[in-house]
Amino acid sequence: MIPAIATVCLSGTLPEKLRAIADAGFTDVEIFESDLIAYHGSPADVRNLCDDLGLKIITVQPFRDFEGYDEPRRSKTFDRAERKFDLLQTLGANLLFVCSSVSPEAHGGVERLAADFHELGERAAKRGLRAGFEALAWGRFVHDYRDAWEIIRRAAHPSIGLILDSFHVLARGTDLNAMAAIPADRVFFVQIADAPKLDLDYLSWSRHWRCMPGQGELNLAGFMDALGEMNYRGPLSLEIFNDRFRAGSARSVAIDGRRSLIALIDDASKRAKRPLGRLPALPPRPTVKSVEFIEFSVDETERYNFTALLQGLGFNLKGRHRSKDVMLFGQGDIRIVVNSDKEGFAHSYNMSHGTSVCAMALRVSDASATVARAEALLEEPYAGAIGPGELELPAVRGLGGSLIYFVDDKSELSRWSEVDFEPVAETGSPTGLIAIDHISQTMQYEEMLTWLLYYTSLLTTAKLPAQAVMDPGGVVQSQVIEAGVADNHGGLRLVLNGSQSHRTLSSRFVTEFFGSGVQHIAFETDDIIATMEAITKNGVPILPIPENYYDDLDAKLEFDETTLAKLKALNIMFDRDAKGTFFQAYTQTLPGGLFFEIVQRNAYTGYGAPNAAVRLVAQARLVGPDTLPRR
Ligand code: MG
Ligand code: MG
């Protein structure tokens, strides 16, 4: 299968779109009719531009409302098709893209439609062209690929074939078994799109909510497997109508598009156990075992307060770097690196982001294979990556220019803390934190699908359905990605947040302070009352939760008076899901917007979403409109 893309996916003018498409490494493109019509230049100019960019035009689409007319409309429609053939020939394309009719004046009937396509085939053949037929999910008579195929089969003309579009097939839940029985040489073109599962009419769903493979919830694996079984070898072209992409950067959407196709074709090839495309096989997605460490960049002036906060949370100094101004703190299985060195990556990160998470390290099944996979997926590996110490940990660039390091059990890399750090004898008493539960990253709303694809194409992940959370300043969209979480523990749990409103804390975090990055880290305890008692006693400022919350909790009859009083005194919130119970509390927000969360999970699998609105109001109240320093 050959990766391709339709110009309709991207923002910008036609030349801007074509340049972004070529820059992302595509060689095949379909031009959306309205892009061509709006262009101030001749079709010959478009062809020259594509020639210069090394792009081959597959088709100009769509050709609408062709089949099923009575005379004299029928003859006129064929005249229209001839004009379209002229255009295709000027552009050097050879496929007329016919989508099923929605015209109220058209008629149905397999024989009538087959006869129309037979005649179209005769006319196309005279010019050395071909025509394909796509069943729109909202087509008037033809909205199922199986019916479209029956018409094509009866048209019995070598210049007439089928066009498949994953959205139209999967949105209606059409059975995929019939696909594999269609001869591959009769399928002229395949379009691919994913989408979230939504209860919308097909047209609105398709026009606004399509997304790149891997960003949605459609059964694209099943669709790809059916193409593989059919042995389809032609173009696999992204046709994505998405409001976010139309507002986003053409360059980054084109790169995401190519990345999504590389991963999609590779995944299908691995399932089929043979290559379905021309690209070399990717190293397999690694599994994530755990978060190895989190690295903060903290300058000298902030360091005292920041390390005091860590100690208040029960972390002990475990090591000092042998040559750099870097400290290692630990508690339970949690390792935190505090980097105040005056040179290097963390320092430059601190200059633009302030006290922030500049890197995280993941323990994966194979660190070097992970970076090789990232490279093949068009990520830029971080050149000359130096870890927190002397060992060179392989890394890739992550959100907001931060780094993700990889270590594994196989190599020297797993010994980074012994190699780089002089051990320090433990002092102070732990508070019962045992592991990192989740990491929350905040970003621009428009970036969310990019980072979703970044993680899901690189690592073995599962994604939860997106959720909307109410902030006093507007709605925050929240997307959870889990990697390697076994028995509700370990692995990596990431919460991606983004907001379209400029007044939410999420948006303010991004626009006023850091840019995109980690906003909070949640630590796990198995006794939240003991942990919060110790942390409170250590003087760590805890986010106050309003009295009303506990009155409401009391009314739910979950707790006896003593327990409720403890939860209230310690500002612990509670939630329950079908699997179990959950407790959570938050530190107050640091200047710059970062905060920590403490959680206890008892088989519970969520993230406390019902409490998020209460937490956000509590934070907004403390932060206030004017108290935060502007960057
Ligand atoms: Mg289509
Ligand atoms: Mg959280």
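None of the values given here were measured: they were computed from a predicted structure.

Peer 1: Help me understand the coordination of the magnesium ion (ligand 1), please; the structure alone is not making it clear to me.
Peer 2: Taken together, E134 (OE), D165 (OD), Q191 (OE1) and E239 (OE) make up the protein donors of the magnesium ion (ligand 1), found 2.1 to 2.2 Å from the metal. Of note, the donors binding the magnesium ion (ligand 1) are all from one chain and are spaced E-x30-D-x25-Q-x47-E. Of this pair, E134 sits in strand 5 (residues 130-134) while Q191 sits in strand 7 (residues 187-192); the two residues are 57 residues apart in sequence, bridging distant segments of the chain. Look at E134 and you get buried, because its relative accessible area is 3%.

Peer 1: So what exactly am I meant to see when it comes to the nonpolar core here?
Peer 2: In terms of nonpolar packing, the biggest core is built from 184 residues, with L120, L164 and L227 touching the most fellow members. Those residues within four positions of L164 in sequence are excluded, and the remaining contacts are Y145, V169, M179, V187, F189, V190, Q191, F223, L227 and M230.

Peer 1: Looking at this model, I keep getting lost on the domain arrangement of the protein chain. Mind explaining?
Peer 2: The assigned domain composition of the protein chain is domain 1 (2-272), domain 2 (288-413) and domain 3 (433-623). The gap between the C-alpha centroids of domain 1 and domain 2 is 45 Å. Of the residues lining the interface, 7 residues belong to domain 1; the matching set on domain 2 comes to 5 residues. Both faces considered, domain 1 and domain 2 share a buried interface measuring about 490 Å² in area, 54% of it formed by carbon and sulfur atoms. Of all residues in domain 1, the largest losses of buried area upon contact with domain 2 belong to R259, I262 and A263, amounting jointly to 68% of the total for that side. Where domain 1 packs against domain 2, one counts 2 salt bridges. Here domain 1 is connected to domain 2 by 2 residue pairs in polar contact (both at pLDDT 80 or more).

Peer 1: Whenever I open this one, the side chain of S340 confuses me. Can you help?
Peer 2: Structurally, S340 is set in the loop between strand 12 (334-339) and helix 14 (345-353). Reaching out from S340, the side chain makes a polar contact with the backbone oxygen of V298 at a distance of 2.8 Å.

Conventions used here
- Residues numbered from 1 in each chain as written.
- Chains lettered and ligands numbered in written order.
- Predicted model: local features only at pLDDT ≥ 70, side-chain atom pairs only at ≥ 80, totals over all residues.
- Heavy atoms only, no water.
- Donors = N, O, S within 2.8 Å, 3.2 Å for Na, K, Ca; no water.
- Helix = DSSP H or I, 4+ residues; strand = E, 2+ residues; numbered from the N terminus.
- Buried < 20%, exposed > 50% of the residue type's maximum accessible area, 1.4 Å probe, protein only.
- Core = buried A, V, L, I, M, F, W, Y, C linked by side-chain atoms within 4.5 Å.
- Contact = heavy atoms within 4.5 Å.
- Domains from an automatic or database assignment.
- Buried area = accessible area lost by both parts, 1.4 Å probe.
- Salt bridge = Lys/Arg side-chain N within 4 Å of Asp/Glu carboxyl O.
- Polar contact = N/O pair within 3.5 Å; in protein donor to acceptor, adjacent residues only side chain to side chain.

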